[in-house]
Structure formats: structure tokens, C-alpha cells
Amino acid sequence: MTTQHSRRDFLRGQVSRPAAPLMRPPGAQTGFSQLCNGCGACASACPEAIIIRHEGPAGRSTPVVDFSKGACTFCGACAEACDTGALSAQAVPDWPWRAIITDSCLSLGGISCRSCEDACEPRAIRFRLMTGGRAAPVLDSAQCTGCGDCAATCPAGAVTFEQPAPAAEGRA
Ligand code: SF4
Ligand code: SF4
Ligand code: SF4
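As the structure is a prediction and not an experimental result, all values here were calculated from the model.

1. Thoughts on the site of ligand 3
Phase 1: Cys 120, Cys 144, Cys 147, Gly 148 and Cys 150 are the nearest of the 13 residues found near ligand 3.
Phase 2: Across the shell around ligand 3, the residue classes break down as 9 nonpolar, 3 polar and 1 charged.

2. Brief notes about the packing of aromatic side chains
Phase 1: Considering all chains together, one arrives at 3 aromatic pairs under this definition.
Phase 2: For the ring pair Phe 67 and Phe 161, a centre distance of 4.9 Å and an interplane angle of 55° mean the geometry is tilted. Of this pair, Phe 67 sits in the loop between strand E2 (61-65) and helix H4 (77-81) while Phe 161 sits in strand E6 (residues 159-162), and the two are 94 residues apart along the sequence. Each member of the pair Phe 67 and Phe 161 is classed as buried.

3. Considerations on the UniProt feature "binding site: [4Fe-4S] cluster 1" (unreviewed entry) in the protein chain
Phase 1: Feature annotation in UniProt assigns "binding site: [4Fe-4S] cluster 1" (unreviewed entry) to the following positions: Cys 36, Cys 39, Cys 42 and Cys 46.
Phase 2: Tracing the backbone through its elements, the reader meets Cys 36 in the loop between helix H2 (32-35) and helix H3 (41-45).
Phase 3: By relative accessible area, which is 8% here, Cys 36 ends up buried.
Phase 4: Here Cys 36 is in contact with Arg 60, Thr 62, Pro 63, Thr 84 and Ala 86, once residues within four sequence places are set aside.
Phase 5: In this structure, Cys 39 sits in the loop between H2 and H3.

Quick notes on the rules
- Residues numbered from 1 in each chain as written.
- Chains lettered and ligands numbered in written order.
- Predicted model: local features only at pLDDT ≥ 70, side-chain atom pairs only at ≥ 80, totals over all residues.
- Heavy atoms only, no water.
- Near = heavy atom within 4 Å.
- Nonpolar A, V, L, I, M, F, W, Y, C, P; charged D, E, K, R; others polar.
- Phe/Tyr/Trp six-rings, centres within 6.5 Å; stacked < 30°, edge-to-face > 60°.
- Helix = DSSP H or I, 4+ residues; strand = E, 2+ residues; numbered from the N terminus.
- Buried < 20%, exposed > 50% of the residue type's maximum accessible area, 1.4 Å probe, protein only.
- UniProt positions renumbered as here; feature names shortened; annotations may be inferred.
- Contact = heavy atoms within 4.5 Å.

Listed below in C-alpha cells is the structure:
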């Protein structure tokens with residue numbers, strides 16, 4: 001049976017949004033949470049120490065990437081260390097995440113900050129001058145590798161990540 005939700009349900013907040021996907025380490029395979037046994041080998045292998053434990057249901061912990069701790073070099077050490085098939089070294093270059101700068105950005109509020117621009121090696125972040133001494137960060141997602149350097153350096157925690165929608169299949 002399918003559930004139909006009315007617009008009124010949404011306005012009342014009675015329809016829950018699907019949970020945001022977890023940022024699994026590079027090379028994560030479809031069915032990751034079933035394949036991963038929570039051994040922690042990936043986290044131990046990461047030279048940047050950016051893989052932490054995510055506590056799931058029934059006390060089961062699985063790895064996620066935390067860019068507040070640093071950036072990913074896409075070295076593949078995490079995937080190489082995974083014996084279960086949850087991470088594949090071949091799939092490390094397929095990292096699906098890209099940065100987004102939110103309204104918490106200091107520069108948008110008129111406070112001088114260009115930390116993310118300075119940190120971004122591919123030069124995916126530029127600033128557009130606005131009125132009142134403010135400057136808006138402009139992110140070129142085609143240049144962004146999703147490395148997390150900007151998030152690691154942002155003093156305001158203003159950088160978040162999303163997976164751009166995959167190319168629509170079967171759509172005109
Ligand atoms: S690819 Fe390298 S830096 Fe990135 S999470 Fe894996 S081990 Fe860490
Ligand atoms: S580092 Fe953060 S606060 Fe500073 S300009 Fe970039 S997004 Fe804004
Ligand atoms: S994730 Fe990396 S490449 Fe993308 S904007 Fe941030 S620093 Fe630049």
C-alpha cells in the first residue's frame with residue numbers, strides 16, 4: 001500500500017524527511033551498512049585520522065568521514081584495509097560528495113574571511129563582492145573534488161556536503 005501525503009501534512013510537519021545519507025569513507029559500495037562489520041580497520045589505516053565511528057541502531061557502529069578533523073587525500077588506504085568488500089579501492093575516485101557553503105559563512109555576514117578559498121587547491125571557491133563590505137563565496141562544483149579542505153579550515157562550520165543528483169536515467 002502506498003501512502004499519499006497531503007500538502008497540509010507537510011505544513012503541519014507530520015511527514016518526516018528521509019534521513020540524510022551518511023558520508024561513508026571513499027570507495028563505499030552499495031549495501032555498505034550490510035557489508036561493513038564495524039571492525040574499524042579503515043579508521044586505523046587513515047593517515048589523516050578523519051574516519052570516526054557512527055553509532056547506529058542496536059549499538060552497531062560503522063565508519064563515517066568527519067571533515068571537521070581534516071581533509072581527504074583520496075589515498076585509498078581506508079579501502080585497501082577493508083577486508084569485507086564494503087570499501088573498494090577501485091571505487092575511491094568515484095567519491096560522490098561536493099561542498100556547499102551555507103548562510104553561516106562569516107564573509108556573507110561582513111566579517112573578513114577567505115579561509116576556504118585559501119585552502120582549496122583546485123580553486124573551486126571564489127568570492128563575489130557585495131554591498132556593505134560583504135563578499136559571497138561562489139563554489140564551482142565542477143572543480144570541487146569534495147576533499148573537505150574548506151570544511152576543515154572554516155572557522156564557522158559553514159561548509160556542508162551533498163551528493164549531486166545522479167544523471168537522471170530514463171528521463172527525457
Ligand atoms: S582515502 Fe585516505 S585520507 Fe581519505 S578517508 Fe581514506 S584513508 Fe583517509
Ligand atoms: S572559511 Fe567559512 S566563514 Fe570563511 S569565507 Fe569560507 S565558508 Fe565563509
Ligand atoms: S571540498 Fe575541496 S575542492 Fe571542494 S571546495 Fe572544498 S577545498 Fe575546494
